[in-house]
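Topology and contacts: notes
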Amino acid sequence: MSIEELFSKRRQIRAAWDYEKIPSKELIYSLLSRTLNISPSKQNLYPFKIHAFGPDDENERRIVEQICCLYTSGSVNNWEESPEFIAQNRVSKVQKDAPWVLVFELRKCKANTFVKEYGEMHDGGNAQNRFTQIDENRFREGANKTLSAIETGMFIKCLAGLCLENNLAISYIKSFPEWTWKGQRSEYSKNRNKVGLSWDSLPQITEAPLIVVQIGYKAAIDDLLATNVNDPSRPFLEDKPSIDEIVQFNK
Amino acid sequence: MIEDSLGKRKHVMHYDAQIIPTKEEVEEILRIGYSLATSKQKAYAYKFHVLGPNKERSKKLYNIAEGRKIDVDFEAYGTTTESENYSENCGLFHIISAPYTFLITPRIAPPNPHFKYWYDSTGSKWQLADWEFINTRNRETTGIDVGMVAKAITGAALDRGWDVSYNSCFYNDKKKWPKSLPFISSERGFRPILMMTLGKGKKYFYERLQEDGTIIRDPKYNTAPLFEEIFEFIDGDTK
């Protein structure tokens, strides 16, 4: 199967996770480990950390679900699932709870051999002066957070390919309160969640969250909250911009 | 299978000057990669500025990357190009010989009909039409999207026998970018998020580490951290 055929299979699952068939911890561990082998990082430092909450971590997954709810309505959310909503959609259960939830957060890296040697060559070993990824005072700054985000995106794309090869679905969520580092105060400015929970509800998260990824098998049901990406006859068409809006060839 | 494909990627040191993809081949790779990419709110708030073969311009782009490295070294260690231990970063050499370079910047991204309806009807502000927001507060979110599309383009390129390399070391100050790249240097231009090169590799970075004996001396010299440093499995409820 070509890379186009593989990635074309991906759909954002919002309410159709299989509750009967659950990926094992061993499978998720293997997929993540293999992803690390094929995903690149500047200076091989990987400035992010992944917290994997699985089927046994129901409490944590409930918390993450309520953190990823900036609004009570909207296709990503509908987390309150009011009786009116259920009646309107003629369903008894909205299967929006993935068995595996990965929370990516910023991470201060440890120097690898190259970084240590570079520091020794220039300044008696003070590599943190040069590499923001390992500097306690600077790794949370915007430039390093953007680098971490780019590399997280690359990592997730590799992980998605491996998931799809194993017939697993993978979804992404970026709808949660953001943390922004305020260097002068040496603390995060933490957006609050007006309707759901905030990241402080999850003690494992101590650095800026980057993205939430859900993994599981898709249930053999229609996803009531699925995105309409290509059917203009249906409402709420979420179409892509044309490629000419995104790509500009220059002489 | 995808490991066979993406696992083939190697950071390029020098591209082959004789084997150059056509514009049509590059466009096909970009179209495929884009079709496989996702984006928050279908905004795709980035733009690929595709620069074709132009040695003079490529050297300028290299100087922008190496210049940034020199600045960082000076800020950190006080070293300059005159210092005894100065050496060019050969990890950036791919920029000099790359036949194609993609400068990926943020872009003002209007909502599609679905999100326009949704935002209008709920009185929410669509922030991705705001230049200031995009240029400062949204770079991280765009960075994740850019990472994902870059990897999809990487897969499409590798499947067709081409090589790609990445660079995120370049001037943050737009004034230091040439005026011939107005999408960056102009008042309403955007600082790039990522630079990516594409062509046929002639020499790869790992080969240089083999040649100077570094990898033989220390096989783990330039490898990823241990799995356990990056991943934490949380077992059971905390309550």
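Within each chain, residue numbers correspond to sequence positions counted from 1 in written order. Each chain is given a letter, starting from A, and each ligand a number, starting from 1, according to the order in which they appear as written. Only residues with pLDDT of at least 70 get local features here, since the model is predicted, and only at 80 or more are side-chain atom pairs given and counted; chain-wide, interface and lining totals rely on the full set of residues. For the side-chain quantities, the full set of heavy atoms in the structure was used; hydrogens and water were omitted.

Some thoughts on the overall build of chain A
By definition, any uninterrupted DSSP run of H or I lasting at least four residues is a helix, any uninterrupted run of E lasting at least two residues is a strand, and each is numbered from the N terminus. Along chain A, the regular secondary structure elements total seven helices and seven strands. Listing the helices and strands of chain A from first to last along the sequence gives α-α-β-α-α-β-α-α-β-β-β-β-α-β. Burial analysis of chain A (251 residues in total) assigns 55% to the buried set. All accessible areas in this document rest on Shrake-Rupley with a 1.4 Å probe, and a residue is counted as covered only by the protein chains that are shown. Accessible surface computed for chain A: about 11000 Å², of which carbon and sulfur atoms make up 46%. Summary of the burial criterion: residues with accessible area below 20% of their type's maximum are buried, those above 50% are exposed, and those between are partly exposed, where the area comes from a 1.4 Å probe applied to protein chains only.

Points about the packing of aromatic side chains
Only the six-membered ring of Trp is used, alongside the rings of Phe and Tyr, when aromatic pairs are assigned; centres must lie within 6.5 Å, and planes under 30 degrees apart are stacked while those over 60 apart are edge-to-face, with the rest tilted. The full count for this structure, using the stated rule, is 26 aromatic pairs over all chains. Between the aromatic rings of A:Trp100 and B:Phe233, the centroid separation amounts to 5.9 Å while the plane-to-plane angle is 75 degrees, which identifies the pairing as edge-to-face. Highlighted residues: A:Trp100 in strand β2 (residues 100-106) and B:Phe233 in strand β7 (residues 231-234), drawn from two different chains. For the residue pair A:Trp100 and B:Phe233, the accessibility class agrees, reading buried in each case. The interplanar angle of 40 degrees and the centroid separation of 6.1 Å between the aromatic rings of B:Phe115 and B:Trp126 together place this pair among those described as tilted. On the criterion of sequence distance, the pair formed by B:Phe115 in helix α5 (residues 113-122) and B:Trp126 in the loop between α5 and α6 (131-137) is long-range, its members being 11 residues apart. You can call B:Trp126 buried: its relative accessible area is 11%. Through successive ring pairs, a cluster of aromatic residues spans A:Tyr29, A:Tyr46, A:Phe48, A:Trp100, A:Phe104, A:Phe155, B:Phe227, B:Phe231 and B:Phe233. Cation over ring: A:Arg140 sits above A:Trp181, and NZ or CZ is 4.6 Å from the ring centre. The rule for a charge over a ring is simple: NZ of Lys or CZ of Arg within 6 Å of the ring centre, and within 35 degrees of the ring normal.

Considering the interface of chain B and chain A
Listed by partner, the interface residues are 85 residues for chain B and 89 residues for chain A. The largest per-residue losses of area from chain B upon contact with chain A belong to B:Tyr77, B:Glu140 and B:Phe233, which jointly make up 9% of the total buried on that side. Definition used for salt bridges: Asp or Glu carboxyl oxygen within 4 Å of a side-chain nitrogen of Lys or Arg. Applying the counting rule to chain B against chain A returns eight salt bridges. Note that B:Glu3 and A:Arg34 form a salt bridge whose closest N and O atoms lie 2.8 Å from each other. By the criterion applied in these results, polar contacts are pairs of N or O atoms within 3.5 Å in which, for protein atoms, one can donate a hydrogen and the other can accept it, and in which residues neighboring in sequence qualify only through two side-chain atoms. For the pair chain B and chain A, the number of links is 28 residue pairs in polar contact (both at pLDDT 80 or more). Counting only elements with at least two residues in the side of chain B that touches chain A, the list comes to α1 (2-6), α2 (23-35), β2 (46-51), α3 (55-77), α5, α7 (139-159), α11 (227-230) and β7 of chain B. The greatest single-element share of the side of chain B that touches chain A, amounting to 13 residues, is contributed by α7(B). A per-class count over the side of chain B that touches chain A returns 40 nonpolar, 19 polar and 26 charged. We call two residues contacting when some pair of their heavy atoms lies within 4.5 Å. Summed over both partners, the accessible surface that disappears when two parts come together, traced with a 1.4 Å probe, is what is meant by buried area. Just so you know the grouping, Ala, Val, Leu, Ile, Met, Phe, Trp, Tyr, Cys and Pro go in nonpolar, Asp, Glu, Lys and Arg go in charged, and all remaining residues, Gly too, go in polar.

Concerning the pattern of salt bridges
Residues and elements named next belong to chain A. On inspection of all chains with the given rule, the structure shows 28 salt bridges over all chains. In this structure, the salt-bridge partner of Asp 135 is Arg 138, at a minimum N-O distance of 2.7 Å. Arg 138 gets classed as partly exposed once you look at its relative accessible area, which sits at 23%. In this structure, the salt-bridge partner of Asp 200 is Lys 190, at a minimum N-O distance of 3.0 Å. In this pair, Asp 200 sits in the loop between β5 (187-190) and β6 (209-216) while Lys 190 sits in strand β5, placing the two residues 10 residues apart along the sequence. Given the relative accessible area of 44%, Asp 200 is considered partly exposed. Residue class for Lys 190 comes out partly exposed when judged on its relative accessible area of 31%. Ionic contacts of the salt-bridge type, sharing partners, join the residues Glu 58, Arg 61, Arg 62, Glu 65 and Asp 97 into one network.

A few points about unusual backbone geometry
Residues and elements named next belong to chain A. Within the chain, Asn 44 stands out as a residue other than glycine whose phi angle is a positive 55 degrees. You can see Asn 44 is positioned in the loop between α2 (25-38) and β1 (48-53). Looking at Asn 44, the relative accessible area reads 17%, which means it is buried. Backbone geometry places Ser 186, a non-glycine residue, at a positive phi of 55 degrees. With respect to the helices and strands, the residue Ser 186 is situated in the loop between β4 (179-182) and β5.

Brief notes about α3(B)
Residue and element names in this part refer to chain B. Take the number of residues in a helix, subtract one, and multiply by 1.5 Å to get its expected span. With 23 residues, α3 extends 32 Å from end C-alpha to end C-alpha; this agrees with the ideal 33 Å at 1.5 Å per step. Of the residues flanking the start of α3, the one acting as N-cap is Asn 54, its side-chain oxygen 3.3 Å from the backbone nitrogen of Glu 56. Downstream of α3 by one or two residues, Gly 78 has phi in the positive range, about 75 degrees.

Description of the sheet that holds β6(A)
Only strands joined by at least two bridges in the DSSP assignment are considered to pair. Strand order in the open sheet formed by five strands is β3(A)-β6(A)-β2(A)-β1(A)-β7(B), with mixed pairing between adjacent strands. The open sheet has two edge strands, β3 (169-173) of chain A together with β7 of chain B, and neither has a second partner. The average undirected angle you get between the axes of adjacent strands in this sheet is 20 degrees. Pairing of β1(A) with β7(B) involves four bridges; the strand directions are parallel. Opposite A:Ile50, over in β7(B), you have B:Phe231 as the bridge partner. Helix axes use the C-alpha atoms of the stretch in contact, all axes being lines fitted to C-alpha atoms, and the angles between their N-to-C directions lie in the range 0 to 180 degrees. Running over the sheet, α2(A) touches β2 and β6 of chain A together with β7 of chain B and is turned about 170 degrees from β7(B).

What about the packing of α2(B) against α7(B)?
Residues and elements named next belong to chain B. The N-to-C vectors of α2 and α7 enclose an angle of 130 degrees; their axes lie 8 Å apart at closest approach. Considering their axes alone, α2 and α7 lie oblique with respect to each other. As for how α2 packs across α7, the hand of that crossing is right-handed. Of the residues in α7, those in contact with Ile 29, Leu 30, Ile 32, Gly 33 and Tyr 34 of α2 are Val 149, Ala 152, Ile 153, Ala 156 and Ala 157. Across the contact of α2 with α7, the residue classes tally to nine nonpolar, one polar and no charged. Angular relationships are summarised with four words: roughly parallel below 35 degrees, roughly antiparallel beyond 145, roughly perpendicular across 65 to 115, and oblique for the angles in between. Helix crossings fall into two classes, left-handed where the near helix is turned counterclockwise from the far one by less than a right angle and right-handed where it is turned clockwise.

Topic: the confidence of the model for chain B
Detail in the predicted coordinates should be disregarded across regions flagged by low pLDDT. Chain-level pLDDT for chain B is 91 on average; 97% of the residues reach the 70-or-more range. The complex prediction reports pTM at 0.89, with the ipTM value standing at 0.86. Note: pLDDT gives the predictor's confidence per residue, expressed from 0 to 100.

Remarks on the environment of A:Glu151
Residue and element names in this part refer to chain A. Tracing the backbone shows Glu 151 in helix α6 (residues 142-165). Sequence separation of Glu 151 and Pro 40 is 111 residues, and the distance between their C-alpha atoms is 7.1 Å. Contact partners of Glu 151, with chain neighbours within four places excluded, come to Pro 40, Ser 41, Lys 42, Tyr 46, Pro 47 and Phe 48. A polar atom in the side chain of Glu 151 sits 2.6 Å from the backbone nitrogen of Lys 42.

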